[in-house]
Amino acid sequence: MLYPLIRKFFFALDAETAHGIGMDGIAFLNATGLAGCLAGSVTPCPVNVMGLKFPNPVGLAAGLDKNGDHIDGLARLGFGFIEIGTVTPKPQDGNPRPRLFRIPEAQGIINRMGFNNAGVDKLLENVRAAEFPKNGGILGINIGKNATTPIERAADDYLVCLDKVYDDASYVAVNISSPNTKNLRELQKDEALDDLLAQLKARQQQLADKHGQYVPLALKIAPDLDDAQITAIADALRRHRMDGVIATNTTLSREGVEGLANATEAGGLSGAPVFRRSTAVLKKLAAALAGELPIIGVGGIMSGADAAEKIRAGASLVQFYSGFIYRGPDLVGEVADTLAHVLKKRPKSLFPLRLFDLRQRPIIPASTSPQSMSHYLFILVGAVLVNNVVLVKILGLCPFMGVSKKLETAYGMGAATTFVLTMATGASYIIDHYLLMPFGLEYLRTLSFIVTIAAIVQLTEMVIAKTSPTLQQTLGIYLPLITTNCAVLGVPLLNIANKHNFVESLLFGAGSAVGFSLVLLLFAGIRERVEGAEVPVHFRGVAIAMVTAGLMALAFMGFAGLDKYQ
């Protein structure tokens with residue numbers, strides 16, 4: 001379109017001057033309704049990441065619009081989301097000019113801007129004046145620390161910014177990886193990172209309770225990390241339950257630009273030369289995280305093919321900045337079209353896969369405010385009790401009991417369920433921390449929980465069988481019901497605790513009810529053959545009924561597309 005011609009004019013100017021003129025031009029075209037001259041239509045490709053629904057997975061990286069002056073104009077270019085900043089508590093000028101340098105031969109850019117911005121209060125004025133967030137657009141706000149703040153006090157600056165932007169951001173990005181603020185990357189190291197993330201997550205919870213909404217937190221990391229650092233950061237992200245990670249920022253390496261004009265300038269290198277390094281870090285990070293939180297892939301995306309490679313490496317969303325400078329608004333449509341094609345190759349409904357393939361399943365944060373958790377508990381416990389009463393009534397397991405006795409039975413099964421869940425939770429914690437996490441097998445957490453509950457129920461039944469045949473007969477009737485309660489109540493709560501979507505967690509519960517019943521039938525069959533133990537007819541009947549009902553529920557939810565309601 002027009003951009004290749006305009007770019008010749010821009011590239012004849014100083015890079016920072018051209019940037020200012022270009023952004024003013026976007027604002028002018030937006031004000032006059034001519035933004036379509038720069039960009040065509042963008043292919044819709046909705047994705048759900050961090051509990052947010054993105055119209056497409058293509059985002060603008062932080063740095064282009066530091067103060068949020070041009071949100072609406074940029075939004076007209078078709079971005080699925082926009083990230084503004086980096087912003088600091090106080091205004092600061094950044095490093096002296098010149099501080100932005102192009103390397104056209106390699107499609108690279110070096111910058112040493114130094115978090116130049118007008119301060120968080122000015123940014124918020126601009127955000128509140130923009131229409132894009134008011135109309136539901138996804139706006140990320142990238143926060144940092146002032147250059148004059150000592151590194152040991154860095155958390156104070158991040159907390160000030162988080163407090164101020166929380167109510168106006170769709171998500172908050174924490175920038176600890178810019179190479180242009182002295183010692184900033186020290187915050188990526190073990191103890192410093194642990195301390196910062198702990199403080200941020202504690203404040204996030206306070207703000208979620210205060211504002212009644214959960215705003216995700218994502219950490220932006222550098223590409224200049226070795227394997228041990230990547231693993232350590234992944235562990236910290238999981239440990240502190242961060243909502244996402246942005247990989248990566250600019251690099252200090254000069255690989256790919258050696259000998260070219262401006263290549264020796266100090267600062268971070270972005271654009272095509274950083275693509276391989278950035279994508280390698282992304283891929284290793286994705287492997288280390290094992291799908292436990294989503295990654296936004298950024299660094300060197302100059303084409304739709306580049307973006308597709310980021311997605312295949314493990315990213316859920318992509319961003320670019322330098323690519324926008326070299327390719328212009330056309331890159332937005334090209335990347336969106338490519339990713340729509342790539343993502344369409346996956347099943348439209350990930351329903352059959354989500355129970356097992358955590359990397360393909362969006363990890364959705366559930367609000368953890370006391371009000372929302374009590375709401376979840378009320379629904380789930382109520383469902384368990386109603387389920388017990390209805391099953392006892394319909395299956396005719398207690399034909400001589402009155403309604404009150406049936407309610408008493410239902411509550412008794414609830415107490416048994418609580419006991420089993422308590423035991424299983426403790427056992428699962430030990431399995432998770434001492435067997436799964438050390439070997440990177442966190443994705444088996446739900447499966448281990450299912451097997452643990454099934455094993456505890458079976459062991460309990462075996463012990464009772466040795467001590468009281470009468471009690472065994474009674475327990476044989478109710479074992480499938482107790483186990484179903486564990487599935488309906490325990491698995492959703494486990495997933496909510498691990499910040500999965502509520503509806504999706506119920507799907508886990510329905511699937512687990514089927515799995516539990518099948519496991520119980522298998523155990524019963526084995527014991528009947530090996531031990532000669534008589535399995536009560538009700539045991540098989542209830543288990544088979546639960547398998548049938550569970551499969552029908554799963555099929556209905558799958559066909560109805562309920563798994564898409566994030």
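Now for a quick tour of the structure. A quick note: this is a predicted structure, and the numbers were derived from the prediction, not measured.

Conventions used here
Residues numbered from 1 in each chain as written. Predicted model: local features only at pLDDT ≥ 70, side-chain atom pairs only at ≥ 80, totals over all residues. Heavy atoms only, no water. Helix = DSSP H or I, 4+ residues; strand = E, 2+ residues; numbered from the N terminus. Buried < 20%, exposed > 50% of the residue type's maximum accessible area, 1.4 Å probe, protein only. Contact = heavy atoms within 4.5 Å. Areas by Shrake-Rupley, 256 points an atom, 1.4 Å probe, with all protein chains shown as cover. Pairing = 2+ DSSP bridges. Axes fitted to C-alpha atoms, helices over the stretch in contact; angles between N-to-C directions. Patch = residues over 30% accessible without salt bridge, like charges linked within 9 Å, V, L, I, M, F, W, Y side chains within 5 Å. Salt bridge = Lys/Arg side-chain N within 4 Å of Asp/Glu carboxyl O. Phe/Tyr/Trp six-rings, centres within 6.5 Å; stacked < 30°, edge-to-face > 60°. Parallel < 35°, antiparallel > 145°, perpendicular 65-115°, else oblique. Left-handed = near helix turned anticlockwise from the far one by under 90°.

What follows is about the overall build of the chain. When helices and strands are counted, the chain shows 18 helices and 13 strands. Out of the 566 residues belonging to the chain, those deemed buried represent 55%. Sequence-distant contacts in the chain: of pairs separated by 6 or more residues, those separated by 24 or more amount to 73%. A total of about 24400 Å² of accessible surface is found on the chain, and carbon and sulfur atoms cover 62% of it.

The 8 strands lie next to each other as β3-β4-β7-β8-β9-β10-β12-β13, forming a closed barrel whose pairing is parallel. Sheet twist, expressed as the mean angle between neighbouring strand axes with direction ignored, is 25 degrees. Pairing analysis gives 4 bridges linking strand β7 (residues 138-143) to strand β8 (residues 171-175), with the strands arranged parallel. Residue pairing across strands places Ile141 opposite Val172, the latter belonging to β8. Sitting on the sheet, helix α9 (residues 304-313) is in contact with β12 (295-298) and β13 (317-320), with an inclination near 140 degrees to β13. The strands touched by helix α11 (residues 330-344) are β3 (58-60) and β13; relative to β13, the strand with the most contacts, the crossing angle is about 160 degrees.

Bringing a nonpolar patch on the surface into the picture now. The grouping of Ile430, Tyr434 and Leu435 at the surface amounts to a nonpolar patch, some 350 Å² of accessible area in total. Assignment of secondary structure puts Leu435 in helix α14 (residues 403-436).

A ring pair, where both rings are aromatic, is described by two values, the distance of the centres and the angle of the planes. Under the defined criterion, the tally for this structure stands at 6 aromatic pairs. With a centroid separation of 5.7 Å and 50 degrees between ring planes, the pair formed by Phe9 and Phe10 is classed as tilted. Owing to a relative accessible area of 46%, Phe9 belongs among the partly exposed residues under this scheme. A relative accessible area of 15% means that Phe10 is categorised as buried. For the pair Phe11 and Tyr326, a centre-to-centre distance of 5.5 Å together with 85 degrees between the ring planes defines the contact as edge-to-face. Of this pair, Phe11 sits in helix α1 (residues 3-11) while Tyr326 is found in helix α10 (residues 322-327), placing the two residues 315 residues apart along the sequence. Residue classification places Phe11 among the partly exposed positions, given a relative accessible area of 25%.

On to the pattern of salt bridges, then. A side chain of one charge can pair with a side chain of the opposite charge when the charged atoms of the two come close. Taken as a whole, this structure holds 21 salt bridges when the rule is applied. Measuring nitrogen to oxygen at the nearest pair gives 3.8 Å for the salt bridge that ties Lys122 to Glu125. You can see Lys122 and its partner Glu125 sitting in helix α4 (residues 120-129), 3 residues apart, about one turn around the helix. On the basis of relative accessibility, which here comes to 35%, the residue Lys122 falls in the partly exposed class. In this structure Glu125 comes out as exposed when scored by relative accessible area, which is 52%. The partner of Arg277 in a salt bridge is Glu255, and the shortest N-O contact between them spans 3.6 Å.

Further remarks concern the packing of α9 against α11. When two helices pack together, their arrangement is given by the angle between the helix axes and by the axis-to-axis distance. Axis separation between α9 and α11 bottoms out at 8 Å; the angle between their running directions is 40 degrees. Classed by the angle they form, the pair α9 and α11 counts as oblique. For the pair α9 and α11, the crossing hand works out as right-handed. Residues Gly304, Ala305, Ala307, Ala308, Ile311 and Arg312 of α9 form the contact with α11, whose own contacting residues are Glu334, Val335, Thr338, Leu339, Val342 and Leu343.

Remember that the coordinates give geometry; whether it matters functionally is a separate question.
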